[in-house]
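Each chain is listed here by its residues.
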Amino acid sequence: MSSQSLRCSFCSVESSDDVPLIAGANGYICESCVHLANDVIANWMRQRSFNELKDDLSTPVEIKAKLDDYVIGQELAKETLSVAVYNHYKRLIHIRNINDVEISKSNVLMLGSSGTGKTLLAKTLAAIVGVPFVIVDATSLTQAGYIGDDVETILVRLLDVADGDIKQAECGIIYIDEIDKLARVIDNGNRDASGEGVQQALLKIVEGNTIKIPDVKKENETITINTNNILFIAGGAFSGIEDCIAAKTNIGFNAELKTEKKISADQIQPDYLSKFGLIPEFIGRFPITTVLDSLDEAALVRILTEPRNALVRQYQKLFAYEDVELEYTPEALKAIAAKALTYGTGARSLRSIQEQLLRHCMFELPSKRENVIRCIVDEDAVNGVGEVKLIESHLSIIAASKNQMGKKN
């Protein structure tokens, strides 16, 4: 049989110099069918991994309810993220074959001042879904060839969190923090070239590609990872974007020249993000945008007390290990929240205030004050004009009195 009469056993294409065939025991296959088979097998392998999510994937309402246990307020952001995560993993679960309608993934961009809960939301979402999760600081990333972390190191870290399981890593979540720092505009109105370069470098992994990364276990070898099904969530304070919005909206003779401090998600249009300094290609890879509200005193008090892992509960647990009850007066909680507001870092400052407030008690109680059974934090203690009140047990007070009387006699 001549080579010209050979045909692919799958698509019947005829062999030629441009279309070589691979011979098998009972047939032949062309290069196009090899690639097609490879895609089909890859979908099968991904489907096996996603089947593990199928039974445990919560509805958007259930996801938000779980977020409510850990994040106070931010109702719009929690609803937006719940829908985005549900749709993303539903898309992966229902992958059948390459001929189906392909649903593009929807990465999420979060805007909110420091300490409003952006990182906590992303981290909690990953825990709810049960997928590998990493946090990356955008300011540490550089273009290839520059000192710093290449964008590919993000995938190396994700694979490490997944214990080397590529299939698990390929359905993980990556949170890129401080993304607004890559959009910095320098004084003359031009974009910071280094930040724009990192945005360009991030495009190839954010949009979904097959990326080669170093194999940390085998020197000078690489591993291939597909980012098409990795959900990217980016967050930043975007301080000053209000001015971009005001400059766009306050146009005309009768326009009111003022800058609205509180912005909403529907105000964040792509051209505002572009004016702020993000390149259009990068903006297009994050079609879902949500805005987190700034925290006021009431919200900070709720953060101190209501979440499952609230700071007040954490410190009460620490004191309970020493058989000591820790109590906060309502006025003390308000004073802590008011002090946190002056720091301008949102909920992040609540822990440092607590550490400073309770440091002396935590130093002495384990060894020097074994008779203390209760500590009361009041407003004066928070404001530095008083101290945390230490209440001793009734029996220890009686014993101390008898001891003093014995010495006098």
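Residue positions are counted from 1 within each chain, in the order its sequence is given. Predicted model: local features are reported for residues with pLDDT of at least 70 only, side-chain atom pairs are reported and counted for 80 or more only, and whole-chain, interface and lining totals are derived from all residues. To obtain the side-chain values, all non-hydrogen atoms of the structure were included, while hydrogens and water were left out.

Participant: What is the right way to look at the overall build of the chain in this model?
Facilitator: By definition, any uninterrupted DSSP run of H or I lasting at least four residues is a helix, any uninterrupted run of E lasting at least two residues is a strand, and each is numbered from the N terminus. Per the secondary structure count, the chain includes 16 helices and 12 strands. Per-residue accessibility, obtained with a 1.4 Å probe over protein chains only, is compared with the maximum for each type, and a residue is labelled buried under 20%, exposed over 50%, and partly exposed between these values. Within the chain, the fraction of its 409 residues that count as buried is 42%. For the chain, the exposed area adds up to about 22,900 Å²; of that, 51% sits on carbon and sulfur atoms. Here the Shrake-Rupley method, with its probe set to 1.4 Å, supplies the accessible areas, and only the displayed protein chains count as covering residues.

Participant: Looking at this model, I keep getting lost on helix H11 (residues 297–305). Mind explaining?
Facilitator: For an α-helix, the turn length of 3.6 residues means that residues three or four places apart are oriented alike. Along H11, the residues classified as buried are Ala299, Leu300, Val301, Ile303 and Leu304. The contact criterion used is simple: two residues touch if any of their non-hydrogen atoms lie within 4.5 Å. Tucked into the core, H11 has its buried residues touching helix H12 (311–320), helix H13 (330–343) and helix H14 (348–364).

Participant: Explain the pattern of salt bridges here, please?
Facilitator: Once the charged atoms of two side chains with opposite charge are near each other, the side chains can pair. Here, a salt bridge means any side-chain nitrogen of Lys or Arg that lies within 4 Å of a carboxyl oxygen of Asp or Glu. Taken as a whole and assessed by the stated rule, the structure comprises 13 salt bridges. In this structure, Glu14 engages Arg7 in a salt bridge whose closest nitrogen and oxygen atoms are separated by 3.5 Å. In this structure, Asp68 and Lys64 form a salt bridge, with 3.3 Å as the shortest nitrogen-oxygen distance. Taken as a pair, Asp68 and Lys64 lie in helix H2 (residues 60–68) at a separation of four residues, close to a single helical turn. Owing to a relative accessible area of 29%, Asp68 belongs among the partly exposed residues under this scheme.

Participant: I keep staring at the sheet that holds strand E9 (residues 288–291) and nothing clicks. Help me out?
Facilitator: Hydrogen bonds between backbone groups are what pair the strands of a sheet, and the pairing can be parallel or antiparallel. By the convention used here, strands pair only if DSSP detects at least 2 bridges between them. In space, the five strands of this open sheet follow the order E4-E5-E8-E3-E9, with parallel pairing throughout. A strand with exactly one partner marks an edge of an open sheet, and here the two such strands are strand E4 (133–137) and E9. Going across the sheet, the axis of each strand differs from the next one's by a mean of 20°, ignoring polarity. Note that strand E3 (residues 108–111) and strand E8 (residues 231–236) share four bridges and pair parallel. Within the sheet, the bridge partner assigned to Leu109 lies in E8 and is Ala234. Helix H4 (residues 118–129) rests against E3, E4, strand E5 (173–177) and E8 of the sheet, and its axis sits at about 175° to E5. Only the contacting stretch of a helix is used when fitting its axis, a line to C-alpha atoms as for every element, and angles between N-to-C directions run 0 to 180 degrees.

Participant: Please explain the state of the cysteines as it appears in this structure.
Facilitator: In a disulfide, the sulfur atoms of two cysteines are held together by a covalent bond. When two cysteine sulfur atoms lie within 2.5 Å, the pair is treated as a disulfide. Going through the model one piece at a time under the given rule, you end up with zero disulfides. Just so you know, Cys30 is unpaired, no disulfide at all, and the nearest cysteine sulfur is the one on Cys33, 3.6 Å from it. Cysteine Cys361 shares no disulfide, and the gap to the nearest cysteine sulfur, in Cys375, comes to 4.6 Å.

Participant: Where do I start with the packing of H11 against H13 in this structure?
Facilitator: Interhelical geometry of H11 versus H13 gives an angle of 120° and a closest axis separation of 9 Å. It follows that H11 is oblique to H13 by the angle criterion. Between H11 and H13 lies a crossing of right-handed hand. Residues Glu297, Leu300, Val301, Leu304 and Thr305 of H11 pack against Leu333, Lys334, Ile336, Ala337, Ala338, Ala340 and Leu341 of H13. Here the term charged refers only to Asp, Glu, Lys and Arg, the term nonpolar to Ala, Val, Leu, Ile, Met, Phe, Trp, Tyr, Cys and Pro, and the term polar to all other amino acids, Gly among them. Looking at the contact of H11 with H13, its residues break down into nine nonpolar, one polar and two charged. Each angle receives one of four descriptions, namely roughly parallel if under 35 degrees, roughly antiparallel if over 145, roughly perpendicular if within 65 to 115, and oblique otherwise. Crossing handedness is read from the near helix: turned anticlockwise from the far helix by less than a right angle, it gives a left-handed crossing, and turned clockwise, a right-handed one.

Participant: What is the right way to read the nonpolar core from this model?
Facilitator: Note that soluble globular proteins tend to have their nonpolar side chains buried in a common cluster. By nonpolar core we mean a set of buried residues, namely Ala, Val, Leu, Ile, Met, Phe, Trp, Tyr and Cys, connected to one another through side-chain atoms within 4.5 Å. Counting 42 residues, the largest nonpolar core has Leu109, Ile174, Ile179, Leu202, Phe238 and Leu273 as its most contacted members. At six residues, the largest contribution of residues to this core is made by helix H7 (residues 193–206). Residue contacts for Leu273: discarding those within four places in its chain leaves Leu109, Leu111, Phe238, Ile241, Ile268, Leu278 and Ile283. In terms of nonpolar packing, the next biggest core, distinct from the first, is built from 32 residues, Leu304, Val324, Val372 and Ala381 among them.

Participant: Even after reading the chapter, I still don't get the sheet that holds strand E12 (residues 389–392), so can you show me in this structure?
Facilitator: Strand order in the open sheet formed by three strands is E10-E11-E12, with mixed pairing between adjacent strands. Looking at which strands have only one partner, the edges of the open sheet turn out to be strand E10 (325–328) and E12. The sheet shows a mean angle of 20° between the axes of neighbouring strands, taken without regard to direction. For strand E11 (residues 372–377) and E12, the ladder comprises four bridges, and the chain directions are antiparallel. Bridged to Cys375 within E12 is Leu390. Along the sheet, H12 makes contact with E10 and E11, crossing E10 at roughly 150°.

Participant: I keep staring at the side chain of Asn107 and nothing clicks. Help me out?
Facilitator: With respect to the helices and strands, the residue Asn107 is situated in the loop between helix H3 (75–93) and E3. Pairs of N or O atoms within 3.5 Å make up the polar contacts considered here, provided that, within protein, one atom can donate a hydrogen while the other can accept it, and that residues adjacent in sequence are counted only when both atoms are side-chain atoms. A polar side-chain atom of Asn107 sits 3.5 Å from the main-chain carbonyl oxygen of Val206. A distance of 3.0 Å separates the side chain of Asn107 from the backbone oxygen of Arg285, its partner in a polar contact. Excluding residues within four positions of it along the chain, Asn107 makes contact with Val206, Ile230, Leu231, Phe232, Arg285, Phe286, Pro287 and Ile288.

Participant: What is the right way to read the confidence of the model for the chain from this model?
Facilitator: Predicted coordinates in regions of low pLDDT should not be interpreted in detail. On a range of 0 to 100, pLDDT expresses the predictor's confidence in each residue. Here the chain averages 80 in pLDDT, and 78% of its residues register 70 or above. Throughout residues 44–48 the model reports pLDDT below 50, and contacts reaching past four residues in sequence, or to other chains, amount to eight contacts. This model gives residues 396–402 a pLDDT under 50, and the stretch forms two contacts once residues within four places in sequence are excluded.

Participant: How should the pairing of E5 be read in this particular structure?
Facilitator: For E5, the tally of buried residues reaches five of five residues, placing the bulk of the element in the interior. Residues Ile173, Tyr175 and Asp177 of E5 are buried on one face, and the alternating residues Ile174 and Ile176, pointing to the opposite face, are buried as well. Bridging between E4 and E5 involves five bridges; their strand directions are parallel. Looking at the pairing, Phe133 lines up with Ile173 of E5. Pairing of E5 with E8 involves four bridges; the strand directions are parallel. Residue Ile174 lies in a different strand from E8, and its bridge partner there is Phe232.

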